[in-house]
Amino acid sequence: MSDCIFCKIIAGEIPCKKIYEDDEMLAFYDLTPQAPVHFLLIPKKHIRNLMELEPGDIALSGRLLNKAQELAKELGCGEKGARFVINAKRDGGQTVDHLHLHILGGRQLIWPPG
Ligand code: 5GP
Ligand code: ZN
(Lines give C-alpha, C1' and ligand atoms only; values in the text may rest on other atoms or scores of the structure.)
(Ligands and ions follow the chains in the order given, each with its own letter.)
Protein backbone atom coordinates (compact mmCIF):
# COMPACT_ATOMS: atom_id res chain seq x y z
CA MET A 1 0.00 0.00 0.00
CA SER A 2 1.62 3.21 -1.18
CA ASP A 3 0.30 5.44 1.62
CA CYS A 4 0.94 3.03 4.49
CA ILE A 5 3.70 4.03 6.95
CA PHE A 6 4.57 0.44 7.81
CA CYS A 7 4.72 -0.60 4.13
CA LYS A 8 7.15 2.30 3.67
CA ILE A 9 9.25 1.02 6.58
CA ILE A 10 9.26 -2.45 4.99
CA ALA A 11 10.34 -0.90 1.67
CA GLY A 12 13.15 1.00 3.43
CA GLU A 13 11.62 4.36 2.51
CA ILE A 14 11.23 5.29 6.19
CA PRO A 15 14.07 4.31 8.55
CA CYS A 16 13.52 2.14 11.61
CA LYS A 17 15.55 0.54 14.38
CA LYS A 18 15.32 -3.00 13.06
CA ILE A 19 15.35 -5.99 15.41
CA TYR A 20 14.53 -8.85 13.05
CA GLU A 21 13.59 -9.41 9.43
CA ASP A 22 12.81 -12.37 7.20
CA ASP A 23 10.79 -12.94 4.02
CA GLU A 24 7.44 -12.44 5.66
CA MET A 25 7.88 -10.28 8.77
CA LEU A 26 9.76 -7.36 10.28
CA ALA A 27 10.35 -6.34 13.91
CA PHE A 28 11.46 -2.84 14.91
CA TYR A 29 11.41 -0.55 17.94
CA ASP A 30 8.37 1.65 18.42
CA LEU A 31 8.99 5.36 17.77
CA THR A 32 7.28 6.34 21.05
CA PRO A 33 8.10 3.54 23.47
CA GLN A 34 5.67 2.98 26.34
CA ALA A 35 7.96 0.62 28.26
CA PRO A 36 11.73 -0.07 28.47
CA VAL A 37 11.16 -2.77 25.84
CA HIS A 38 8.59 -1.80 23.20
CA PHE A 39 8.80 -3.11 19.71
CA LEU A 40 6.43 -3.87 16.86
CA LEU A 41 6.23 -7.05 14.80
CA ILE A 42 4.47 -6.76 11.44
CA PRO A 43 3.74 -9.05 8.51
CA LYS A 44 5.20 -7.79 5.23
CA LYS A 45 1.84 -8.52 3.65
CA HIS A 46 -0.38 -5.45 3.97
CA ILE A 47 -3.22 -6.72 6.16
CA ARG A 48 -5.16 -3.71 7.48
CA ASN A 49 -6.07 -5.14 10.88
CA LEU A 50 -6.86 -8.32 12.76
CA MET A 51 -10.51 -8.16 11.65
CA GLU A 52 -9.35 -8.58 8.05
CA LEU A 53 -7.19 -11.62 8.67
CA GLU A 54 -8.18 -14.34 6.21
CA PRO A 55 -8.08 -18.15 6.56
CA GLY A 56 -5.02 -18.16 4.29
CA ASP A 57 -3.18 -16.03 6.89
CA ILE A 58 -3.50 -18.56 9.72
CA ALA A 59 -0.05 -20.10 9.30
CA LEU A 60 1.52 -16.64 9.04
CA SER A 61 -0.23 -15.54 12.26
CA GLY A 62 1.16 -18.55 14.07
CA ARG A 63 4.67 -17.75 12.91
CA LEU A 64 4.22 -14.10 13.98
CA LEU A 65 3.17 -15.18 17.48
CA ASN A 66 6.07 -17.59 17.72
CA LYS A 67 8.55 -14.92 16.60
CA ALA A 68 7.02 -12.42 19.04
CA GLN A 69 7.74 -14.64 22.05
CA GLU A 70 11.17 -15.57 20.70
CA LEU A 71 12.20 -11.90 20.31
CA ALA A 72 10.67 -10.96 23.68
CA LYS A 73 12.91 -13.58 25.28
CA GLU A 74 15.96 -12.39 23.34
CA LEU A 75 15.30 -8.85 24.61
CA GLY A 76 15.27 -10.01 28.22
CA CYS A 77 11.56 -10.51 28.93
CA GLY A 78 11.64 -14.29 29.20
CA GLU A 79 11.65 -14.49 32.98
CA LYS A 80 9.45 -11.58 34.06
CA GLY A 81 7.14 -11.59 31.04
CA ALA A 82 5.77 -9.11 28.55
CA ARG A 83 2.51 -7.90 27.08
CA PHE A 84 1.55 -8.85 23.53
CA VAL A 85 -1.05 -6.44 22.16
CA ILE A 86 -2.94 -6.11 18.88
CA ASN A 87 -5.07 -2.97 18.60
CA ALA A 88 -7.78 -3.34 15.97
CA LYS A 89 -9.64 -0.48 14.30
CA ARG A 90 -10.71 2.77 16.02
CA ASP A 91 -12.24 1.48 19.26
CA GLY A 92 -9.24 -0.79 19.68
CA GLY A 93 -6.92 2.21 19.53
CA GLN A 94 -5.33 1.33 16.18
CA THR A 95 -3.63 4.34 14.57
CA VAL A 96 -1.63 2.63 11.83
CA ASP A 97 -3.76 0.54 9.48
CA HIS A 98 -1.25 -2.27 8.92
CA LEU A 99 -1.57 -5.26 11.26
CA HIS A 100 1.03 -5.12 14.03
CA LEU A 101 1.76 -6.71 17.37
CA HIS A 102 3.06 -4.51 20.16
CA ILE A 103 5.46 -6.29 22.50
CA LEU A 104 6.00 -4.40 25.75
CA GLY A 105 8.16 -5.38 28.70
CA GLY A 106 10.84 -4.34 31.13
CA ARG A 107 8.40 -2.96 33.70
CA GLN A 108 5.25 -4.00 35.53
CA LEU A 109 2.31 -3.07 33.29
CA ILE A 110 -1.10 -2.27 34.74
CA TRP A 111 -4.39 -3.96 33.88
CA PRO A 112 -7.01 -3.11 32.75
CA PRO A 113 -5.79 -0.62 30.14
CA GLY A 114 -7.47 2.80 30.04
P1 5GP B 1 -1.36 1.45 17.11
O2 5GP B 1 -1.85 2.64 17.90
O3 5GP B 1 -1.81 1.52 15.68
O4 5GP B 1 -1.65 0.13 17.75
O5 5GP B 1 0.21 1.55 17.13
C6 5GP B 1 0.96 2.19 16.16
C7 5GP B 1 2.34 2.36 16.76
O8 5GP B 1 3.22 2.69 15.71
C9 5GP B 1 2.46 3.47 17.80
O10 5GP B 1 2.90 2.92 19.03
C11 5GP B 1 3.46 4.44 17.19
O12 5GP B 1 4.34 4.97 18.15
C13 5GP B 1 4.19 3.57 16.18
N14 5GP B 1 4.67 4.30 15.03
C15 5GP B 1 3.95 5.17 14.24
N16 5GP B 1 4.72 5.63 13.25
C17 5GP B 1 5.95 5.04 13.40
C18 5GP B 1 7.16 5.12 12.67
O19 5GP B 1 7.29 5.83 11.66
N20 5GP B 1 8.20 4.37 13.14
C21 5GP B 1 8.10 3.57 14.24
N22 5GP B 1 9.18 2.89 14.60
N23 5GP B 1 6.95 3.47 14.94
C24 5GP B 1 5.90 4.20 14.53
ZN1 ZN C 1 0.98 -1.53 4.96
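Rules of the game
- Residues numbered from 1 in each chain as written.
- Chains lettered and ligands numbered in written order.
- Predicted model: local features only at pLDDT ≥ 70, side-chain atom pairs only at ≥ 80, totals over all residues.
- Heavy atoms only, no water.
- Near = heavy atom within 4 Å.
- Polar contact = N/O pair within 3.5 Å; in protein donor to acceptor, adjacent residues only side chain to side chain.
- Areas by Shrake-Rupley, 256 points an atom, 1.4 Å probe, with all protein chains shown as cover.
- 1 Å grid on protein atoms, 1.4 Å probe; cavity = no way out; pocket = protein on both sides within 12 Å on 5 of 7 lines; lining within 4 Å.
- Sits in = over half its atoms within 2 Å of the grid points.
- Helix = DSSP H or I, 4+ residues; strand = E, 2+ residues; numbered from the N terminus.
- Nonpolar A, V, L, I, M, F, W, Y, C, P; charged D, E, K, R; others polar.
- Donors = N, O, S within 2.8 Å, 3.2 Å for Na, K, Ca; no water.
- Tetrahedral: all angles 85-135°; square planar, octahedral: opposite > 155°, others 65-115°.
- Pairing = 2+ DSSP bridges.
- Axes fitted to C-alpha atoms, helices over the stretch in contact; angles between N-to-C directions.
- Contact = heavy atoms within 4.5 Å.
- Core = buried A, V, L, I, M, F, W, Y, C linked by side-chain atoms within 4.5 Å.
- Buried < 20%, exposed > 50% of the residue type's maximum accessible area, 1.4 Å probe, protein only.

A. Fine view of the site of ligand 1. Taken together, 16 residues sit near ligand 1, with D30, T32, N87, T95 and H102 positioned nearest. Contact distances for ligand 1 include 2.8 Å between an oxygen atom and a side-chain N or O atom of N87. At 2.8 Å from an oxygen atom of ligand 1 is found a side-chain nitrogen or oxygen belonging to H100. Considering ligand 1 on its own, with 520 Å² of exposed area, one finds that the protein chains cover 84% of that surface. Under a 2 Å grid-point criterion requiring more than half of the atoms, the pocket assigned to ligand 1 is the largest pocket. The set of elements that each furnish at least two residues to the shell around ligand 1 consists of helix 1 (5-10) and strand 2 (25-29). No other element matches the 3 residues that helix 1 contributes to the shell around ligand 1. In the shell around ligand 1, the residues fall into 8 nonpolar, 7 polar and 1 charged.

B. Here's a closer look at the coordination of the zinc ion (ligand 2). All of the protein donors around the zinc ion (ligand 2) are C4 (SG), C7 (SG), H46 (ND1) and H98 (ND1); their distances to the metal are 2.0 to 2.3 Å. With 4 donor atoms in place around the zinc ion (ligand 2) and angles of 104 to 117° between them, the coordination shape is tetrahedral. Mapped onto the sequence, the donors of the zinc ion (ligand 2) take the spacing C-x2-C-x38-H-x51-H. Highlighted residues: H46 in the loop between strand 3 (37-43) and helix 2 (58-77) and H98 in the loop between strand 4 (82-85) and strand 5 (101-105), separated in sequence by 52 residues.

C. The arrangement of the sheet that holds strand 2 in detail. Taken in spatial order, the 5 strands line up as 1-2-3-5-4 in an open sheet, and their pairing is antiparallel. Across the chains shown, the open sheet's two edge strands, defined by having one partner strand only, are strand 1 (18-21) and strand 4. With direction set aside, neighbouring strand axes in the sheet form an average angle of 15°. Relative to strand 5, strand 4 is paired through 4 bridges, and the arrangement is antiparallel. In the sheet register, R83 faces strand 5, and the bridge partner there is L104. Across the sheet, helix 2 lies against strand 1, strand 2, strand 3, strand 4 and strand 5, angled at about 160° from strand 3, the strand it touches most.

D. Representation of the nonpolar core. In terms of nonpolar packing, the biggest core is built from 15 residues, with A27, F39, L41, L64, A68, L101 and I103 touching the most fellow members. The set of elements that each furnish at least two residues to this core consists of strand 2, strand 3, helix 2 and strand 5. The greatest single-element share of this core, amounting to 6 residues, is contributed by helix 2. When sequence neighbours within four positions are dropped, the list of residues in contact with F39 reads I19, A27, F28, Y29, D30, A68, L71, A72, L75, L101, H102 and I103. Within the second largest apolar cluster, 9 residues are counted, among which are C4, F28, L40 and I42.

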